[in-house]
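One letter stands for each residue in the lines below.
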Amino acid sequence: MKLIKRIIQGILAHLDIPLFLIVMALMGIGLLTIYSATSSDGFWKLDKQLINIAASMIVMLAVARTPPQTLMRFAVPLYLLGVILLLGVALFGIVVNGSRRWISLGFVRIQPSEIMKIAMPLMLAWYFHKHESMLRGKHFFIATLILLVPIAFILKQPDLGTSLLIGAAGFFVIFFAGLPWKVMFGLGAAFAAAMPFAWTMLHDYQRRRVLTLLDPTSDPLGAGYHIIQSTIAIGSGGGLGKGWLNGSQTHLEFIPEKHTDFIFAVFSEEWGLLGNGILLILFTLLIGRGLMIAAAAPTMFSRLLASALTLVFFIYAFVNMGMVSGILPVVGVPLPFISYGGTALVTLMLGVGILMSIHTHRMLVKK
Amino acid sequence: MSDFHHSEQDPDRFRKRILFAGSFVLLCFCLLFGRFFYLQIVQHEYYATRAESNRISLVPVMPNRGNIVDRNGVILARNYSAFTLEITPSKTLGLEETIDSLGEIVEIQLKDRRRFKRLLEESKNFESIPIRTRLSDQEVARFAAQRYRFPGVEVKARLFRQYPENSLAAHAIGYISRINAKDKELIDAGGHEANYKGTEHIGKIGLEAHYEFELHGTAGHEQVEVDAGGRAVRVLSQTAPIPGNNLTLTLDAKLQAVAEQAFGDRRGSLAAIDPSNGAVLALVSSPAFDPNLFVDGIRFDDWDELNNNPDKPMLNRAIYSTHPPGSTFKPLMALAALTTGKRTPGQAIADAGYFNFGNRRFMDDKVGGHGMVDMHKSIVVSCNTYYYVLANDMGIDNIARFMGELGLGRRTEIDIPGEATGILPSPEWKQRRFKKREQQKWYPGETISIGIGQGYNAYSTLHMAHALANILNYGKVYRPHLVNTITNPTTGEVRVVEPQPVRQIDLKPEHVEVIKRGMAGVVTEGTGSRAFAGAAYESGGKTGTAQVFSLKSGQKYVAGQVKERLRDHSWYVAFAPVDKPKIVVAVMVENGGFGAQSAAPIARQVFDYHLTGRLPGGPAPEVEAPEADENTELIEEAIDEAD
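Residues numbered from 1 in each chain as written. Chains lettered and ligands numbered in written order. Predicted model: local features only at pLDDT ≥ 70, side-chain atom pairs only at ≥ 80, totals over all residues.

**Description of the sheet that holds strand β23 (residues 583-589) of chain B**
All names here are of chain B. Spatially, β12-β11-β23-β22-β21 is the arrangement adopted by the five strands of the open sheet, whose pairing is antiparallel. Strands with a single pairing partner mark the edges of an open sheet, and in this sheet they are β12 (279-286) and β21 (540-546). Strand-to-strand twist of the sheet, defined as the mean angle between neighbouring strand axes without regard to direction, takes the value 5°. In this sheet, strand β22 (residues 569-576) lies alongside β21 in antiparallel orientation, the contact comprising seven bridges. What sits directly across from Gly540, in β22, is Phe575. (Pairing = 2+ DSSP bridges. Helix = DSSP H or I, 4+ residues; strand = E, 2+ residues; numbered from the N terminus. Axes fitted to C-alpha atoms, helices over the stretch in contact; angles between N-to-C directions.)

Encoded structure:
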């Protein structure tokens, strides 16, 4: 009896209740929506997602108990492992759907770019933390290199979505480390200036692809089909939605990838603007809580890591909802905590676990 | 670089950035909310409509095609429902594998695969394409038990066209086959595209083509809820299709069968018309083909066989093959002479056996001639000289004008497509026909051969039967027609294809009597007497022979065939009974020799059945080539006079 009590106390000690409740709410919405999206194929996907949630929860709890100092020790090895695996993918990777993203380790297939989603902010946070007392321009330059090497590999796979997310994660660390505004604007301006030149370098078919990305309606039966159908789903949902399990776009299979990347269209059709508002509030709370944790974090490492990871949640959510509602180009990004899929969920909950660890260990460090 | 100094010593700076990031997040989420508001509130109507039109699809429901029955109700074309196994290629998990594993449950032959492949190339991606037609009940049951294994494969009940009498009257009835680009144009031009949305077959030749829009019916619609793959999930509402109209023909299937059988394996054609109203009683083109071959899409080897057969079974000889009518032209010439006043019945010529014109001599078939020949005798003995002189007296313009009035050299407007105009020779025709000036000139000598049905003259059997029917009807011209009534199966309303005379030729009854008596004489005492020996009715007729001078260019020289293919074409035009004709026939047997030899016996069997109900035992026999005075027309000799 006492033992159980201690275990529960141990768990609760490192659990951030607000964060936990928000994530639970999001996952609950995810389960409801997956149920609706996959009801025609039986319920095995729902069962599997429940297992995914349980597994990711254990990961979260385990990480939450691990002190940030210990996490810091993983930064370099994890980053190097990630780079080596990416190199391995480039050399011996398995091609699935035209992209070389997976590598087989004999007993299991893994997608090394997934490791990078955590390893990258971890590595950069560690790097800045190490040079905390004397940050110079060269440190920002080296940090940029640390960021660009794996991204180059991932872009080559090709996997635009993931490289954007990892790039963003890394950029957030550099940003919070204090990259001067001047430099950011300078780089931004240079990038913008280079665009017209880059455009003239592209082949016709590449330009067309970019244009379809920007305006899907120009290719209504090809690349634009997904976006047109998901926009119809959202729009037809109206203020209060068609009701759970009643989305015609969903249940007549007009929405592609309806339990993964396009799950937001399913939710939006059935729950309407009201549901979307609630979802946006939940994500705002999640991010707010994350930023609060970052602001209260005692060390450079934990500050940078917490703030960057929080903004990663944001960028996932924003890019996904933006693409499904047709204001951003389509890149393969799931809606965090809602989309079906084990790997993404484990990575996300790892991030949540890190946030909790940073928060619940803050007093220890101060001492 | 001073910017970097102590940058992180200042926790304020980090807090500011956190604050900035938080504001940025809020801004972005507001942007998203704005987008949602725009889509879900402002544009809600628009997207709701689009979702509805996504969801609801109007599916055409095919009407039953009308049946075709003969004048006694014998079914010549009908529909039957059969199960087909169909594949929607876009929904399968691999087309080849699907077909392979289907092959383990139902029999799929190589030809099924080939046809499927061809249809696949023609089709749109979302269409389902039959891989097997006419599944047996067991096959349907076997598939149903395992259908979960085959996404994108369905059993459908489809209507198939069937021609139960097979090749009987195939050219007249025609067939339906898959709609091609040309048919599509026709449909669009007629404004029928909406009605044909779900239609796959269309009449290609014969009545099936001519009465396409009567037979087709009106498509109904089902409002169905469909999924993204276009599969119907449930029916929301329905308008029933209106079946096509049924055709009742003037054709007598039994008579048609007798006539076809009479030809045996000989090539040729026959047109039988009721002269009192233009109703076509039989229309034979021999050899024929089986229209059932075309319904599912004809197999390549069948098509090859039909197309390369030297006997050309696909050719509708009765309306499209034209030949000089030979002596069968003579009664028409005689009537022309009476009507134009160039001859009286009693006016006679002395036939010396030839007719000199310019420096040429036109020979009669009887050496020494027939002696004194009046009009009656000229028909009975088929005297060439009489008609040489007559043609010369009348002149080509008069001949052409009269024959044109009778209906020669123009389409009869029978209700099946593909009719030839034939050639009614005249100076105008020659001018149109030839390019070179010297060829365009009409030579008076050419008129002489025209008088005995040779020269440029070329008519189909339908032309000749039509012309004779017009005469027997005292100049009242009816359009030859195969359809008697069109019945609406829903309302039961019957429309009669009213036998309205289309025009009146100015003929005197007493002149027609002369011709009828002359043709009756042919049967009683002339060239038709053998074929009609012992007939239980009185008939009139006229034999004819068209010479085949040489094989047409491009036709292969086949040693064994030459002799047979160089024989003359055999003609016979006839009517019966003489008093009140109920039937007119024109028969042409290619390479049949003399008219009396092959063509007349066929007419005999047709008359026997039609007038007395007697069924023949087999194909019409060839009657032995009669006595020497039988006509080998067109013996033209140039007289070499010094010039």
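So much for the structure itself; the text now carries on.
**Considering unusual backbone geometry**
Residues and elements named next belong to chain B. The linkage connecting Ser286 with the following residue, Pro287, adopts the cis geometry, with an omega of 0°. When you line up the elements, Pro287 lands in the loop between β12 and α11 (292-295). Between Ala576 and Pro577 the backbone carries a cis peptide bond, its omega angle lying at -15°. Among the structural elements, Pro577 can be located in the loop between β22 and β23. Positioned with a positive phi, Ser382 is a non-glycine residue whose angle comes to about 55°. Considering the arrangement of structural elements, one finds Ser382 in the loop between α15 (375-380) and α16 (384-394). On the neighbour-count criterion, Ser382 (30 C-beta atoms within 10 Å) is buried. Although it is not a glycine, Glu413 sits at a positive phi angle of roughly 65°. Checked against the element boundaries, Glu413 lands in the loop between α17 (396-406) and α18 (427-433). (Buried ≥ 20, exposed ≤ 12 C-beta atoms within 10 Å, placed from the backbone.)

**Examining the interface of chain B and chain A**
Across the boundary between the two partners, chain B contributes 38 residues, which contact 45 residues of chain A. If one sorts the elements of the side of chain B that touches chain A by residue count, helix α1 (residues 11-42) of chain B sits on top with 19 residues. (Contact = placed C-beta atoms within 7 Å.)

**Thoughts on the sheet that holds strand β3 (residues 109-110) of chain A**
All names here are of chain A. Read across the open sheet, the three strands follow the order β1-β2-β3; overall the sheet is antiparallel. Every interior strand has two partners, whereas the edge strands, β1 (94-96) and β3, have only one. Bridge count for strand β2 (residues 99-104) against β3 is two bridges, and the pairing is antiparallel. Bridge pairing in β3 places Ile103 opposite Ile110.

**Description of the UniProt feature "binding site: Zn(2+)" (unreviewed entry) in chain B**
All names here are of chain B. The UniProt feature table records "binding site: Zn(2+)" (unreviewed entry) at Asp351, Asp364, His370 and Cys383. These annotated residues cover 33 residues of sequence, but their C-alpha atoms sit close together, with the largest distance between any two at 8.7 Å. Filtering out sequence-adjacent residues up to four positions away, Asp364 remains in contact with Asp351, Gly353, Tyr354, Gly369, Cys383, Asn384 and Thr385. As for its position among the elements, His370 is in the loop between β15 (360-363) and β16 (371-373). Residue class for His370 comes out buried when judged on the 23 C-beta atoms lying within 10 Å of it. The residues contacting His370, other than those within four sequence positions of it, are Asp351, Lys377, Val381 and Cys383. (UniProt positions renumbered as here; feature names shortened; annotations may be inferred.)

**Concerning the nonpolar core**
Within the largest apolar cluster, 120 residues are counted, with the highest numbers of intra-cluster contacts made by B:Ala271, B:Ala272, B:Ala465, B:Leu468, B:Val585, B:Val587 and B:Val606. Ranked by residues supplied to this core, first place goes to helix α21 (residues 461-472) of chain B with eight residues. When residues of this core are assigned to domains, at least three map to each of domain 1 (62-249) and domain 2 (253-300 + 317-553 + 565-625) of chain B. If we ignore the near neighbours within four places in the chain, the residues touching B:Ala271 are B:Val280, B:Leu283, B:Ala318, B:Thr461, B:Leu462, B:Ala465, B:Val585 and B:Ala586. Core analysis: the second largest hydrophobic core is formed by 112 residues, A:Met120, A:Ile154, A:Val324 and B:Ala51 among them. (Core = buried A, V, L, I, M, F, W, Y, C linked by C-beta atoms within 7 Å. Domains from an automatic or database assignment.)

**So, the packing of helix α4 (residues 68-92) of chain A against helix α6 (residues 137-156) of chain A**
Residues and elements named next belong to chain A. In the contact formed by α4 and α6, the axes pass within 10 Å of each other and the chain directions differ by 25°. Between α4 and α6, the crossing angle belongs to the class labelled roughly parallel. Seen along the crossing, α4 lies across α6 with a hand that is left-handed. When α4 is examined against α6, the residues Gly82, Val83, Leu86, Leu87 and Ala90 are found in contact with a partner set consisting of Val149, Pro150, Phe153, Ile154 and Lys156. Grouping the amino acids of the contact of α4 with α6 by side-chain chemistry returns eight nonpolar, one polar and one charged. (Parallel < 35°, antiparallel > 145°, perpendicular 65-115°, else oblique. Left-handed = near helix turned anticlockwise from the far one by under 90°. Nonpolar A, V, L, I, M, F, W, Y, C, P; charged D, E, K, R; others polar.)

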